[in-house]
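Structural overview
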Amino acid sequence: MSRRLEVDVAIIGGGLVGSSAALALRGMGFSVALLDKGFCGAQASGVNYGGVRRQGRPIEQLPLSQRAHAVWPRLKALIGIDGEFLRSGHLKLARNEADMAALETYAATIAEQGLDLELIGHNGLRERFGWIGDGVVGASFCPGDGHANPRLVSTGFAAAARRAGVEVLENTPVEGVTRDGDRFALDAAGNLTLRSRFVINSAGAWAGPFAESFGEPVPLSRIYPSMVVTEPMAPVMSVNIGMTGRGIYARQVERGNVVVGGERALPLGDVDLSRPRGEGALSIMNRAAALFPGLRHAQAIRFWSGTEGAMPDENPVIGPSRTTPGLLHAFGFTGAGFQIAPGVGEVLAELVRDGETETPIEAFSIGRFKEISARTDAGSGAGQNQEPHQPGEIRP
Amino acid sequence: MNGQSTSERQQPLIVGAGPAGIRAAQALVKAGLRPLVVDESPACGGQIYRQRLVPDGRSSRDLYGSEAQKAEALHRDFAALDGRLDYWPQALLWNLRDGRADIMVEGTSRQVAYDGLVLATGATDRILPIPGWTLPGVFTLGGAQIALKSQGCAIGSRIVFLGSGPLLYLVAWQYMKAGAKVAAVLDTAPFSAKFNLLRGLPLFPSIVLRGMRMTAELKLGGVALHYGVGDVRIEGTEKVGAIAWRQDGLEHRLACDGVGYGLALRSETQLADLAGCSFAFNQRDRALLPERDAAGRTSVAGVYLAGDGAGITGADAAERAGERSALALLQDRGLPHDASRAATLEADLARIGRFRDVLEAAFPFPAHWVRDIADTTTLCRCEEIKAGEVRAAIGQFGVHELNRLKAVSRIGMGRCQGRICGAGAAELLAHETNRNIEAVGRLRSQAPIKPVPLTLALAAQPEAAE
Ligand SMILES: Cc1cc2nc3c(=O)[nH]c(=O)nc-3n(C[C@H](O)[C@H](O)[C@H](O)COP(=O)(O)OP(=O)(O)OC[C@H]3O[C@@H](n4cnc5c(N)ncnc54)[C@H](O)[C@@H]3O)c2cc1C
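Anyway, here's the lowdown on the structure attached to this text. (Residues numbered from 1 in each chain as written. Chains lettered and ligands numbered in written order. Predicted model: local features only at pLDDT ≥ 70, side-chain atom pairs only at ≥ 80, totals over all residues. Heavy atoms only, no water.)

Our focus in this paragraph is the overall build of chain B. Within chain B, the regular secondary structure consists of 14 helices and 24 strands. Expressed as lengths along the three principal axes of its C-alpha atoms, the size of chain B is roughly 65 × 50 × 40 Å. For chain B, the residues scored as buried account for 57% of the 466 residues in total. Within chain B, contacts between residues at least 6 apart in sequence are counted, and of these 66% link residues at least 24 apart. Here chain B has roughly 18,200 Å² of accessible surface; of this, 52% comes from carbon and sulfur atoms. (Helix = DSSP H or I, 4+ residues; strand = E, 2+ residues; numbered from the N terminus. Buried < 20%, exposed > 50% of the residue type's maximum accessible area, 1.4 Å probe, protein only. Contact = heavy atoms within 4.5 Å. Areas by Shrake-Rupley, 256 points an atom, 1.4 Å probe, with all protein chains shown as cover.)

It is worth spelling out the interface of chain A and chain B at this point. Taken together, the contact between chain A and chain B spans 40 residues of the former and 36 residues of the latter. A combined buried area of about 3,300 Å² lies between chain A and chain B, and 53% of that area is made up of carbon and sulfur atoms. A salt bridge links E384(B) to R255(A); the shortest N-O distance between them is 3.5 Å. At the boundary of chain A with chain B, the tally comes to 22 residue pairs in polar contact (both at pLDDT 80 or more). Mapped onto the side of chain A that touches chain B, the elements with two or more residues apiece are α7 (150–163), β17 (266–267), α9 (278–291) and β19 (299–305) of chain A. The pairing of β19(A) with strand β23 (residues 452–453) of chain B spans two bridges and is classified as antiparallel. Bridging across to β23(B), Q299(A) finds its partner in P453(B). (Buried area = accessible area lost by both parts, 1.4 Å probe. Salt bridge = Lys/Arg side-chain N within 4 Å of Asp/Glu carboxyl O. Polar contact = N/O pair within 3.5 Å; in protein donor to acceptor, adjacent residues only side chain to side chain. Pairing = 2+ DSSP bridges.)

Side-chain positions along a regular strand alternate between the two faces of the sheet. Residues and elements named next belong to chain B. Taking burial as the measure, the six residues of strand β6 (residues 108–113) include five buried ones, the bulk of the element. As paired strands, strand β5 (residues 100–105) and β6 are joined by six bridges and run antiparallel to one another. Residue D102 lies in a different strand from β6, and its bridge partner there is Q111. Where β6 lies against strand β24 (residues 457–458), two bridges are found, and the strand directions are parallel. Looking at β24, one finds that S109 is bridged to L458.

We now examine the packing of aromatic side chains. For the coordinates displayed, the defined rule picks out 14 aromatic pairs over all chains. With centroids separated by 4.7 Å and ring planes inclined at 80°, the aromatic side chains of Y49(A) and Y249(A) adopt a geometry described as edge-to-face. On the criterion of sequence distance, the pair formed by Y49(A) in the loop between α2 (44–47) and β3 (51–52) and Y249(A) in strand β15 (residues 249–252) is long-range, its members being 200 residues apart. On the basis of relative accessible area, Y49(A) is assigned to the buried category, the value being 9%. Ring centres of F191(B) and Y227(B) lie 4.9 Å apart, and the angle between their planes is 70°; this geometry places the pair in the edge-to-face category. Highlighted residues: F191(B) in the loop between β11 (182–187) and α7 (197–200) and Y227(B) in the loop between β12 (224–226) and β13 (230–235), separated in sequence by 36 residues. On the accessibility criterion, Y227(B) (15% relative accessible area) is buried. An aromatic cluster is present here, built from F129(A), W131(A), F141(A) and F292(A) joined pairwise through their rings. We note K37(A) situated over the ring of W206(A); from NZ or CZ to the ring centre the distance is 4.1 Å. Across from the ring centre of F365(B), 4.0 Å away, lies the NZ or CZ of R126(B), which sits over that ring. (Phe/Tyr/Trp six-rings, centres within 6.5 Å; stacked < 30°, edge-to-face > 60°. Lys NZ or Arg CZ within 6 Å of the ring centre and 35° of its normal.)

Pairing between strand β9 (residues 174–180) of chain A and strand β10 (residues 183–188) of chain A: six bridges, direction antiparallel. Bridge pairing in β10(A) links V174(A) to A188(A).

All names here are of chain B. Taken in spatial order, the five strands line up as β3-β2-β1-β7-β20 in an open sheet, and their pairing is parallel. Each of the sheet's edge strands pairs with one partner strand only, and the pair in question is β3 (86–88) and β20 (303–305). Taken over all neighbouring pairs, the strand axes of this sheet differ in orientation by 15° on average, direction set aside. Judged from the three bridges that link them, strand β1 (residues 13–15) and strand β2 (residues 36–38) form a sheet pairing that is parallel. Among the inter-strand pairings, I14 is bridged to a residue of β2, identified as V37. Of the strands in this sheet, β1, β2 and β7 (117–119) are in contact with helix α2 (residues 19–30), which crosses β1 at around 165°. (Axes fitted to C-alpha atoms, helices over the stretch in contact; angles between N-to-C directions.)

What follows concerns the sheet that holds β6(B). One open sheet accounts for four strands, arranged β4-β5-β6-β24 (chain B); its pairing is mixed. Both outer strands of the open sheet, β4 (92–97) and β24 of chain B, are each paired with one neighbouring strand and no more.

Keep in mind that these numbers describe shape and distance, not what the molecule does.
Structural data, given as structure tokens:
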């Protein structure tokens, strides 16, 4: 069955970035198609750790992160559910003086950005967060940060977009995009021919070939953060925990389960899929039990991992294509896109509507890779885990 | 012996020391290999030939009834392999990947490299949620049987057995023989379904006759047998107090303090999933199951399936499938194997397969029950999620695939990872979205396949199977 569809904006990838952009665009009155090769929110956006944190981000991300920060408490109004968003605060721990010094430097550097970081010494930590065990010298606390349930938030954005009138096409991989006069033509599975004035490339870890097909190769690689979740426990930890260095991150969800991350999983034969390594998971578990005495008798009930796009400079690619008018990129969030995504969606919608945005995003320009693109395969580490580019699959 | 030398030795790994695993081990040992057998239980035998925890004066005949000889033969044959294989009882294989397994044994986790993997992981009960199924005093049929066999205790003093499948009558009969008061057997299928058993007579007369004899003995023993029961509710506040059902349009109610409930079995497929095996829909089991050929080969080279873990066929089939898969392993390694024995086993398995079709018709799964699952009935007991919440999530998020349903509703996210609620959740999702059961997919497995302590330590040196 072949089908034709004509919209203002076609969005490739129904992660949190794509679906929040879809919802924002719909709110501005555009007609939108949101396409995903699988289910919306089933990739990184739906399987991440759930940290909603500004603290620790590179300074150039903070304005955008602040913008997203304003969206999180409005989820209920925006998508109909609160996504279990909890403004619990984010506490970043230091194991030694060097870590503490790094936290202090960071706090000083971003002092103007409105995060209201509070540096806490050993005694203060004892008093306020007595459930943290020994071996921590201090911490930096960001009271406005928190955590949420990625499974609900990302799926909720896509569901809200659908209710708002976005044409949500799941299990519909985009197989090729071409610029055709003043429009784009997308080839999608199921004999779908889609034409649009704008295309947003928010295909997460799979976004590279689309950029490349428009003459913009990027050193996008893949990472697979590894997660462990415990059985439900009585309340143990009140804040979202982060750590400097080779640490862990941990949060306790409403239901009582504690989610802990900190290692990397390995891809399976199909590099879209990954699985935590047994030793890696044990190491996360042991570190969590050592750091939080309240978890010493807990059982781990499940591990998981997900596929995320990563950039060598740890900043995403966000903004207009340098080669193709009407094409916008937004991918490569490097393990930290969950918090920022609702802000990215708004920014993308403004770029479509106005051709510009007041939120500074120059640092994320795809143009920054012009020089290095020539050596992508050799030195950037991008080649190894990257999805093999199949000739003919993406037609420039 | 350290890890290095083990990997060089390339030991086949057998998971499960039930009928399938034991026969697989025996065949590999006979061919001169030295497999490692791991099993969670303290003793071999699997679910069906489970041994008592401590000698308690009961004979094999008491424990296994007409199957006592088979049980004894398996226990004896496995014991005879001592010294020629490695056997880790009380060992949980909790993760698997690329020829390496993580096994929790004696309080630590060991990494074992294997070459050749026979999964003989068996099955657990299949259930659909009914009101009261989570009350203390309600057991699955398998659970009721385990209590009896390994601990020698009954699940109540006035017990009702409810459900479908041959196990329903077997467990009721075993309880009666053990001296327990069985108040009734409630069969979800109409009596007429049992006429299908006549088709099974030419295939396995002894089994059909044994079943008939058990039914007759139950009746003689004063056990009420009810057929075509529906709308079942288990009542009680702190624990089971009664069971109520509807039959031919009439309401019935019976006081009891124990209920054994099960709707046949479901395969334990988590390890096959972690091993990367491809799955396909199996109509007879109403489930997506790992694919295997007649010899037990999966889609992954070197990984074999035997017994109920790949599809419900029962203990006799499991013994044969275990041996058959071992012969396939030998053949695939270029070792001598008995081809005519393999052919005999396959022919036997095919015949048992035809018999399972008969049993399925005689003990049909009451899929229509899903219509009546009340919103207030607990669907996922680990996460305490009611059917109504699941229905709401299906509507709110517009999901029609089981893993998506898991993501938005938490079903299958708890300690059992959907082994208990998965079948019911799939039925509910299929029904709510007007799809066939095969279209909603299956819950993907994740390690650890069962809970492990957060403090579980990795054994200092990846240890050898010794
Ligand atoms: C395990 C894990 C833990 C993480 N923890 C955190 C955290 O705590 N905090 C935080 O801020 N961030 C975290 N992240 C990062 C965060 O999840 C991501 O940065 C963010 O979700 C990226 O969103 P996205 O929309 O770009 O990508 P995705 O959610 O991956 O969406 C991309 C979508 O594109 C679709 N797609 C790809 N190719 C095609 C095609 N050809 N046609 C159609 N569709 C296609 C995919 O199916 C996918 O749904 C974590 C990531 C992982 C994996």
